[in-house]
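Breakdown of the fold
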Amino acid sequence: MARHVVAKVDELDIGKSKLVKVAGRDIALFNVKGEFFAIANRCPHEGADLCRGQVVGLAEAEEPGKVRMTRHGELVRCPWHGWEFDIRTGKSWCDPARTRVKSFDVTVTKGGTLTEGPYQAETFPVSIDEDYVVVEI
Amino acid sequence: MDTAVAQQRVALSKLGAIDCDVHPDAPKRADLLPYFDEYWKEIVISRDVDRLELTGFPTSTRPFFREDWKATEGSGVDKLRKNLLDSYGLKYAILNCVTGVHAIYDPYLSTAVCRATNDWLKAEWLDRDPRLRASLVLPWQNPEAAVEEIERFAGDKRFVQILALCQGEMPLGRRIYWPIYEAAQRHGFALGVHAGSAYRHAPSQSGFPSYLAEDYVHHIQGFAAQVGSFVAEGVLGKFPDMKIVLIESGVSWLPGQMWRMSKDWRGARIEIPWVKEPPSALVRRQIRLTTQPFDAPRDPGELERIVEHLDSDDMLLFSTDYPHPQFEGEAAIPAGFPERLIDRLVRENALATYPRLED
């Protein structure tokens, strides 16, 4: 496992997503209520970019017509066919056992720690005063 | 009779087969008159309500009736005994009255004719042979009266099902019908949806057909629409103990719709979040099909694959569709039907579908 700096924390607002490239892979990075999560960008159905999907909550109903929304901002709907994925785990809501996108470990790390190691962001210099999003692959 | 057919006949008798789609003679006004009150007697005479045929199913149309059965002497239950009950050794036969009673506009006339038809079924058929069971006909456009009719017969367990047409006034999943399903479920009735149109709409989604050859096959569109409606409107989850039997729909069209609905559900689920499982799983659990006509492939060796596509051993119910000519001779079970499922087909699945049917 290698650690890759992919963004500054303040680049990605709550509820937003961003496409990052790490070790040749396209990864969709999400800020869910201040926590960062990373899943493969490619929808396992037809390959659409999940980073372009709408970030939504979970609609559930015990009764026809009586719907409640929970888990606000924790799912992404694929922009092509609307399949829902749990941003935290990469699992499809409809078929969690068989349909999932790979998810990656994400940490937020002080620049000071990063500059001491062999870590470099590909697109920007790491400064010791800021916080960075780090993906492990 | 060839060996396979002879074996089949023995099997039906030995297993106590239950025929889930048998049609009694369509009652005419004279048959129903004793079951109307004074007012409705007056009305059916002065309005000349007589033959009560469905437009799509005139009883004079020759291809609808098997000549050898038609030629048997006698009428009513006697004729049914000779042609079917005795000769096939049936344990039970479920009578489905598919007539103009389903197509009447006037909600009060419809209620009166449904009541008379059910009383006629009871007196002229059920009371005359212990093997007979029946579906209640209901005034669907008058749900309050339909519920009353279910309550009226709740104590007579020989009525095991309520009956609707696959092409009626509205999609059957609509909430307006839910009081009917609530009563049906509470009393253990299954919901039978039979081929036929009340001609409120064109029988195809693209307009009126020109020929009988088209008309009959268009019923499949009606059935497909009803399955979609039952799933999406949430009827299956809301009334989980009420099985829905698609009668005379054919079989092979359904797997494709199950696959397609389950796939589309993944993207459109958010509109119908009360559908918490893939539609195919809901359909397998609650929807049943009678086996005549079977729309089977030409090669009997391929029939098992169609059954496998349903991915369930529970969904198929044996039927003859008497007196309609869906098969030749006595080969009521489609050729190539897997041996291991015969028991379920002719008996077990029906007992699980109709809680009012006693073993």
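Each chain has its residues counted from 1, running along the sequence as written. All chains are assigned letters beginning with A, and all ligands numbers beginning with 1, in the order in which they are written. Where local features are concerned, this predicted model is filtered to residues with pLDDT of at least 70; where side-chain atom pairs are given and counted, the filter is 80 or more; whole-chain, interface and lining totals use all residues.

Turning to the overall build of chain A, a few remarks are in order. Secondary structure elements are taken from DSSP: a helix is a run of H or I of four residues or more, a strand is a run of E of two residues or more, and numbering for both begins at the N terminus. The helix and strand inventory of chain A stands at one helix and nine strands. Going from the N terminus to the C terminus, chain A shows its helices and strands as β-β-β-β-β-β-β-β-α-β. Along the three orthogonal principal directions, the C-alpha set of chain A runs to about 55 × 25 × 20 Å. Partly exposed residues are those whose C-beta has more than 12 but fewer than 20 other C-beta atoms within 10 Å; with 20 or more the residue is buried, with 12 or fewer it is exposed, and the C-beta atoms are placed from the backbone. When burial is assessed residue by residue, chain A has 28% of its 137 residues classed as buried.

All right, on to the overall build of chain B then. Check the secondary structure of chain B and you find 14 helices and eight strands. Based on the C-alpha atoms only, the size of chain B along its principal axes is roughly 55 × 55 × 45 Å. For chain B, the residues scored as buried account for 46% of the 359 residues in total. Put simply, of all contacts in chain B between residues at least 6 apart along the chain, 83% involve residues at least 24 apart. Working definition of a contact: two residues with C-beta atoms, positioned from the backbone, lying within 7 Å.

Residues and elements named next belong to chain B. Along strand S3 (residues 132–137), six of the six residues are buried, which leaves the element largely enclosed by surrounding structure. Strand pairing follows a simple DSSP-based rule, namely that at least 2 bridges must link the two strands. Across four bridges, S3 lies against strand S4 (residues 159–167) in parallel orientation. From the neighbouring strand, Leu136 faces S4, where its bridge partner is Ile162. By convention, a crossover is right-handed whenever its connection, traced from the first strand over the helix to the second and viewed with the strands pointing away, goes clockwise. Handedness of the crossover joining S3 and S4 through helix H7 (residues 143–153) is recorded here as right-handed.

Take unusual backbone geometry next. Cis geometry is adopted by the peptide bond preceding B:Pro293, which originates at B:Gln292 and carries an omega value of 0°. For the bond running from B:Tyr322 to B:Pro323, omega is 5°, close enough to zero to count as cis. Summarising the element assignment, B:Pro323 is placed in the loop between strand S8 (316–317) and helix H14 (342–353). Even without being glycine, A:Lys33 reaches a positive phi, approximately 50°. Within the secondary structure, A:Lys33 is located in the loop between strand S3 (25–32) and strand S4 (35–40). On the basis of neighbour counts, which here come to 9 C-beta atoms within 10 Å, the residue A:Lys33 falls in the exposed class. Positive phi, close to 50°, is recorded for B:Leu52, a residue that is not glycine. Note that B:Leu52 resides in the loop between helix H3 (38–46) and helix H4 (67–71). Note on B:Leu52: 22 C-beta atoms within 10 Å, which makes it buried.

Another point: the packing of H7(B) against helix H8 (residues 178–187) of chain B. Residue and element names in this part refer to chain B. Geometry is summarised by axes, namely lines fitted to C-alpha atoms with helices restricted to the contacting stretch, and by angles between N-to-C directions that run from 0 to 180 degrees. Following both chains from N to C, one finds H7 and H8 inclined at 10°, their axes separated by 8 Å at the closest point. Of the possible angle classes, the one that applies to H7 and H8 is roughly parallel. Counting all contacts with H7, which are made through Pro143, Ala146, Val147, Ile150 and Glu151, the residues of H8 involved are Pro179, Ile180, Ala183, Ala184 and His187. Amino acids are sorted into nonpolar (Ala, Val, Leu, Ile, Met, Phe, Trp, Tyr, Cys and Pro), charged (Asp, Glu, Lys and Arg) and polar (every other residue, Gly among them). Taken together, the residues of the contact of H7 with H8 break down into eight nonpolar, one polar and one charged. Note on terminology: angles under 35 degrees are roughly parallel, angles over 145 are roughly antiparallel, angles of 65 to 115 are roughly perpendicular, and the others are oblique.

Our next topic: the packing of helix H11 (residues 254–268) of chain B against helix H12 (residues 279–286) of chain B. All names here are of chain B. Interaxial distance between H11 and H12 falls to 7 Å at its minimum, and their mutual angle equals 135°. The orientation of H11 relative to H12 falls into the category oblique. On H12, the residues touching Met258, Trp259, Met261, Ser262 and Trp265 of H11 are Pro279, Ser280 and Val283. Here the residues of the contact of H11 with H12 sort into six nonpolar, two polar and no charged.

All names here are of chain A. With respect to topology, six strands assemble into an open sheet ordered S1-S9-S8-S4-S3-S2, the strand pairing being antiparallel. Whereas interior strands pair on both sides, the edge strands pair on one side only; in this sheet they are strand S1 (3–8) and strand S2 (17–22). Shown here is a sheet whose adjacent strand axes are inclined to one another by a mean of 35°, direction ignored. Pairing analysis gives six bridges linking S2 to S3, with the strands arranged antiparallel.

With that settled, consider the confidence of the model for chain A. Across chain A, pLDDT averages 90, with 92% of residues at or above 70. Here helix H1 (residues 111–116) of chain A stands out as the least confident element of chain A, with mean pLDDT 74; strand S7 (residues 84–86) of chain A is the most confident, with 97. Note: pLDDT gives the predictor's confidence per residue, expressed from 0 to 100.

The next thing to look at is the sheet that holds S7(A). Residue and element names in this part refer to chain A. Strands sit in the order S5-S6-S7 across an open sheet of three strands; the sheet is antiparallel. The open sheet is flanked by strand S5 (54–63) and S7, the only strands paired with a single partner. Pairwise comparison of adjacent strand axes, ignoring direction, gives a mean angle of 50° for this sheet. Summarising the sheet, strand S6 (residues 66–77) and S7 pair through three bridges and their orientation is antiparallel. Opposite Leu75, over in S7, you have Asp86 as the bridge partner.

Linking buried Ala, Val, Leu, Ile, Met, Phe, Trp, Tyr and Cys residues through C-beta atoms within 7 Å yields a set, and such a set is a nonpolar core. Of all hydrophobic cores here, the largest spans 103 residues; its most connected members are B:Ala93, B:Leu95, B:Ala184, B:Leu191, B:Val193 and B:Val231. Contact partners of B:Ala93, with chain neighbours within four places excluded, come to B:Asp19, B:Val22, B:Leu84, B:Leu85, B:Arg131, B:Leu132 and B:Arg133. A:Val6, A:Ala38, A:Leu50 and A:Val76 belong to the second-largest nonpolar core, a separate cluster that totals 28 residues.

Another point: helix H6 (residues 107–124) of chain B. Think of an α-helix as turning once every 3.6 residues; residues three or four places apart then point the same way. Residues and elements named next belong to chain B. Between its first and last C-alpha, H6 extends 25 Å over 18 residues, near the 26 Å set by a 1.5 Å rise per residue. When we look at burial in H6, the residues that qualify are Ser110, Thr111, Ala112, Val113, Cys114, Arg115, Ala116, Thr117, Asn118 and Leu121. Structurally, H6 contributes buried residues whose contacts are with helix H2 (29–32), H3, strand S2 (92–95), S3 and H7. In this analysis, the expected span of each helix is defined as 1.5 Å times one less than the number of residues it contains.

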